[in-house]
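Each chain is listed here by its residues.
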Amino acid sequence: MPSRGFEALAGAHNLDFQLLPATLRACGWCLEVLSTSLTLFHTDCRSRSEKRSERLHVQMADLWQTAGIAISCFLAVVARRLVRVCFREIRIWYSWSKLPHSQSPWSLAGELVPATSLKRHDFYTARTKQLGGIFGIRVGPLFEVCITDPELAAPIFKENKADLYTPLQTVFRKNEPSLFTKPSPEYYRAIRKGVAPAFNSGNLREGFGRLASLMPAVIQYIRQAGAEASVDVFNIAGHVTMDAISLSIFADAPGSASKLGQGVRPRYAELMDPAMQGVVKIMAIPWLRHLTFIPAMKQLKQDLTRLHEEHGKMVDRLRTCNPPPASLGGHLLALKDPATGLPLTDGQLEAEMVTLFVAGYDTSTAAISWTLGLIAAHPAVQRKVAAELDSIGLKGSAERPQPRGLSWEDLSQLDYLRKVIKEALRMFTVASGGTVRTLSKPLNIGGYHLAAGMTVQVPFHGIHRNPDVWDRPDDFLTERWDEADVEYVKPASGNRAAAKSESGGVDYGSSSPDQQQALGKQADQGSKARRYMPFSYGLRSCVGQNLANLTMLTFVASLCANFQLELAPEIKDMSGIKEAAVTSLIMSPRDGMPLRCTPWA
Ligand code: HEM
């Protein structure tokens, strides 16, 4: 008979003792074996379940411990970052507080309104007159340094960081970084080196025929409008520059200039402009983008959806149009991403292509408009331009009612017209806000310590209109370009020289060999600091300036060769031109540039 303990053991494992065969039940030895194995099995089961629960326990404890460590690490990192950000902001605020500045410490918005208004170019000039060539402004919560003294501004052009531009990426479908926003240094170098040759003189010459072929339609349209009509050259220039960039990328048939006279703006500009207005808002106040429920951000979302559709088509067009290797499109397709060694993806191509349109379209259009307006407002200048064109057989007359079109060779003969364009870009600097950089290291400039991380703006319009730097800066004086080295600051004299030596000029915050070298270069340059910078200079200067100059020269020469220009009654005179200037992203005439154009013959 089985013992009571054995029976209990069997019961615990749901074994019915009665089910065992009778012979087995009667055999004491068998029962012994069965009992022993059941006991062993039971012990094993218990120890296994104990072990399992122990293991589970240990695992849970490990998990808790690991989670605890992870959370503590995370909190430590956040706290460190917070402390670092706080220290950085305090250092920035302290540096800023030592700069000359003018706003009331109690105003929450600081100078947000004048610094983002349509007349902000005048604001920087006024502050320069009031506070000098380096001063602080506060735009809402942003403590910013402004430099309008070219000598003091020189070291800023060695900085590459421009955090404030990052919101511009919103206009690309995949929010990719582009040349203009904030790619890695390697990517930036690869793109810059890859596209720059497209703008060299040999490659531009190859595409010049396509650019010049746009002009006959423009001339015909203006002729048809008649001498009494106000013709908006801003609108016309918009169509031509859009086609000029389009042609240099895709090298195929233009579309925009064929729509002249239909009272419309270039299609891409119609899509881009409203989106850019929204983007400018988030550049000024970055956290605005998170308020997706406010009407301005809802509108931006809609505008971007329309724009992104167009970008998809542009990438497809580039992939299928097979542009020649010398064209901008050819160069873009040949580019390799240094990180992967592969050709650019659709997203990367879109970012670079759109950057070229955004950077080149508005700027060239406004520059052409200011130049033509200024020529029309200054009859003596217009006579000299006409005489130059006449001397190479380009100007219309009774004997030459249909003057020939411009050739590549003509361009080198237009010395005076080049000076006129230069002076127009000085007086109405389209990139009026200039450049904005984030300091990657502390700098001592003009006796002021600027902390790392500070946002520094160099408003080019402020420099070009600074009376300490230019004689009669508010006058359109083409003859100033007859002198040599007009682009550079003249040797300092009198009070200005004394002020410079007292302020200590430029000094790098620490003294690594690189910085010593930079300091040395700056000192060598001495009075040779650049004061003329419509295309910026140094790192991040305009990569497309040769195309811009070519488009401006071609357009302005073609118009002046065919027509005598006069300001339309809407603008009337020089004060009307100045009044029309507004800056959103760039400085352009608010209601266009209406001119009356009378054929020479
Ligand atoms: C009159 C016409 C133009 C003016 C006044 C102008 C002016 C400028 C300025 C001042 C910058 C530097 C901006 C900064 O530092 O924040 C710049 C950059 C740039 N421009 Fe232009 N630009 C003109 C036409 C063009 C054209 C036609 C193109 C190309 C189709 C172009 C492409 C670019 C690009 C890609 C950059 C960024 C370069 C970089 O960061 O390395 N621009 N431009």
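Just so it is clear, the model here is predicted, and its values are computed rather than measured.

Topic: the overall build of the protein
Summing up its helical and strand segments, the protein has 22 helices and 12 strands in all. Counting only residues that meet the buried cut, the protein has 47% of its 601 residues in that class. Across the protein, every contact between residues at least 6 apart in sequence was considered, and the portion connecting residues at least 24 apart equals 76%. Only carbon and sulfur atoms are counted for the fraction: they give 58% of the accessible area of the protein, which is about 29,400 Å².

Focus: the pairing of strand β9 (residues 563-567)
Side-chain alternation along β9 places Phe563, Leu565 and Leu567 on a buried face and Gln564 and Glu566 on a face that remains uncovered. Here five bridges tie β9 to strand β12 (residues 594-599), and the two strands are oriented antiparallel to one another. By the bridge assignment for β12, Phe563 is matched with Pro599.

Notes on unusual backbone geometry
One non-glycine residue, Asn175, lies in the positive phi region at around 55 degrees. Mapped onto the fold, Asn175 is located in the loop between α6 (150-153) and α7 (185-195). Looking at Asn175, the relative accessible area reads 43%, which means it is partly exposed. The phi angle at Lys572 is positive, at roughly 70 degrees, despite the residue not being glycine. When you line up the elements, Lys572 lands in the loop between β9 and α22 (574-580).

Some thoughts on the coordination of the iron atom of the ligand
The protein gives the iron atom of the ligand a lone donor atom, Cys542 (SG), placed 2.3 Å from the metal. Its place among the elements puts Cys542 in the loop between α20 (513-525) and α21 (545-562).

A short note on helix α14 (residues 346-377)
If you check α14, its first and last C-alpha atoms are 46 Å apart, about what 32 residues at 1.5 Å a residue would give, namely 46 Å. For α14, a buried count of 27 out of 32 residues is recorded, marking the element as mostly surrounded by other parts of the structure.

Quick look at the environment of Asp316
Within the secondary structure layout, Asp316 lies in helix α12 (residues 295-321). A residue is classified by how much of its surface remains accessible, and Asp316, at 47% relative accessible area, is partly exposed. Placed 30 residues apart in sequence, Asp316 and Asp346 show a C-alpha to C-alpha distance of 8.6 Å.

Let's talk about the sheet that holds strand β3 (residues 231-232)
Taken in spatial order, the three strands make up an open sheet running β3-β12-β9, and their pairing is antiparallel. Since the sheet does not close on itself, it has two edges, and those belong to β3 and β9, each with one partner.

Some details on the UniProt feature "binding site: heme" (unreviewed entry) in the protein
Per the UniProt record, "binding site: heme" (unreviewed entry) is annotated on Cys542. What makes Cys542 partly exposed here is its relative accessible area of 30%. Leaving out residues up to four positions away in the same chain, Cys542 has contacts with Arg192 and Phe535.

Concerning the pattern of salt bridges
Taken as a whole, this structure holds 22 salt bridges when the rule is applied. One salt bridge in this structure joins Arg267 and Glu310, with 2.6 Å as the shortest N-O distance. With Arg267 in helix α11 (residues 267-284) and Glu310 in helix α12, the pair connects residues that are 43 residues apart, well separated along the chain. The closest approach of N and O atoms between Arg426 and Glu423, which form a salt bridge, is 3.0 Å. Note that Arg426 and Glu423 are positioned in helix α17 (residues 415-427) at a spacing of three residues, about one turn of the helix. Glu423 matches Arg426 in its accessibility class, with the two residues each being buried. Through salt bridges that share partners, Arg267, Glu310 and Lys313 make up one connected network.

Conventions we followed
- Residues numbered from 1 in each chain as written.
- Predicted model: local features only at pLDDT ≥ 70, side-chain atom pairs only at ≥ 80, totals over all residues.
- Heavy atoms only, no water.
- Helix = DSSP H or I, 4+ residues; strand = E, 2+ residues; numbered from the N terminus.
- Buried < 20%, exposed > 50% of the residue type's maximum accessible area, 1.4 Å probe, protein only.
- Contact = heavy atoms within 4.5 Å.
- Areas by Shrake-Rupley, 256 points an atom, 1.4 Å probe, with all protein chains shown as cover.
- Pairing = 2+ DSSP bridges.
- Donors = N, O, S within 2.8 Å, 3.2 Å for Na, K, Ca; no water.
- Expected span 1.5 Å × (residues − 1).
- UniProt positions renumbered as here; feature names shortened; annotations may be inferred.
- Salt bridge = Lys/Arg side-chain N within 4 Å of Asp/Glu carboxyl O.

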